[in-house]
Amino acid sequence: MLSALSAAFLALGFGSCKSKKALVQKRMEIEAKMARIDSEIADSYSILAQMQKEYENIGRGETVYGGPNNMAEAVRRMNERHERQRQECREAMQNVQDQIDSLKNEKTKAVEEMDKLGK
């Protein structure tokens, strides 16, 4: 009886360490993926911080030169240019934030996969 059970276990693959090796390999792949995602998130936050600094500096230290006849027009053009720059910067920051959110979703999926392997 014992030899029959032993043969059944071997037939199902429980006697080999092949399944354990596959599990360890899969775990290593997921850990590498999570490390890559963490690195990309950190890089994205760094880019986002730089963009926020640039956004805050739009128009700082800028001087408008012109006589009284064209001063209002020069200020109006400067303000329009600043608003365009701010809009472009906001869109770029939103794109980076969307990338960060996407990476966080990927990491959540990887964590769920890791939890499944743990069970």
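Read on for a plain summary of the structure. (Residues numbered from 1 in each chain as written. Predicted model: local features only at pLDDT ≥ 70, side-chain atom pairs only at ≥ 80, totals over all residues. Heavy atoms only, no water.)

1. Examining the overall build of the chain
And step 1. Summing up its helical and strand segments, the chain has 3 helices and 0 strands in all.
And step 2. Per-residue burial over the chain gives 16% buried out of 119 residues.
And step 3. In the chain, 81% of the contacts between residues at least 6 apart in sequence involve partners at least 24 apart.
And step 4. A total of about 9200 Å² of accessible surface is found on the chain, and carbon and sulfur atoms cover 55% of it. (Helix = DSSP H or I, 4+ residues; strand = E, 2+ residues; numbered from the N terminus. Buried < 20%, exposed > 50% of the residue type's maximum accessible area, 1.4 Å probe, protein only. Contact = heavy atoms within 4.5 Å. Areas by Shrake-Rupley, 256 points an atom, 1.4 Å probe, with all protein chains shown as cover.)

2. What about the side chain of Ser-44?
And step 1. Along the chain, Ser-44 falls in helix H2 (residues 18-56).
And step 2. Of the residues examined, Ser-44 reaches a relative accessible area of 8% and is grouped as buried.
And step 3. Once residues lying within four places of it in the same chain are set aside, the contact partners of Ser-44 are Val-96, Ile-100 and Leu-103.

3. Thoughts on the pattern of salt bridges
And step 1. Enumeration over the complete set of coordinates arrives at 8 salt bridges.
And step 2. We note a salt bridge from Glu-73 to Arg-77, for which the minimum N-O separation is 3.8 Å. In this pair, Glu-73 and Arg-77 are both assigned in helix H3 (residues 71-118), 4 residues apart and thus about one turn of the helix distant.
And step 3. By relative accessible area, Glu-73 is classed as partly exposed at 33%.
And step 4. Arg-77 sits in the partly exposed class, given a relative accessible area of 46%.
And step 5. When salt bridges with common partners are traced through the structure, they connect Glu-73, Arg-76, Arg-77 and Glu-80 into a single cluster. (Salt bridge = Lys/Arg side-chain N within 4 Å of Asp/Glu carboxyl O.)

4. A look at the environment of Gly-118
And step 1. Within the secondary structure, Gly-118 is located in helix H3.
And step 2. For Gly-118, a relative accessible area of 55% translates into the label exposed.

5. Here's the deal with the environment of Asp-38
And step 1. Mapped onto the elements of the fold, Asp-38 is located in helix H2.
And step 2. Taking the C-alpha atoms as reference points, Asp-38 and Lys-104, separated by 66 residues in sequence, lie 8.6 Å from one another.
And step 3. Separated by 2.6 Å, the side chains of Asp-38 and Lys-107 make a polar contact. (Polar contact = N/O pair within 3.5 Å; in protein donor to acceptor, adjacent residues only side chain to side chain.)

6. Some remarks on the nonpolar core
And step 1. Core analysis: the largest hydrophobic core is formed by 5 residues, namely Leu-48, Met-51, Met-93, Val-96 and Ile-100.
And step 2. Looking at which element gives the most residues to this core, the answer is H3, with 3 residues.
And step 3. In this structure, Met-51 is in contact with Cys-89, Ala-92, Met-93 and Val-96, ignoring residues within four places of it in sequence. (Core = buried A, V, L, I, M, F, W, Y, C linked by side-chain atoms within 4.5 Å.)

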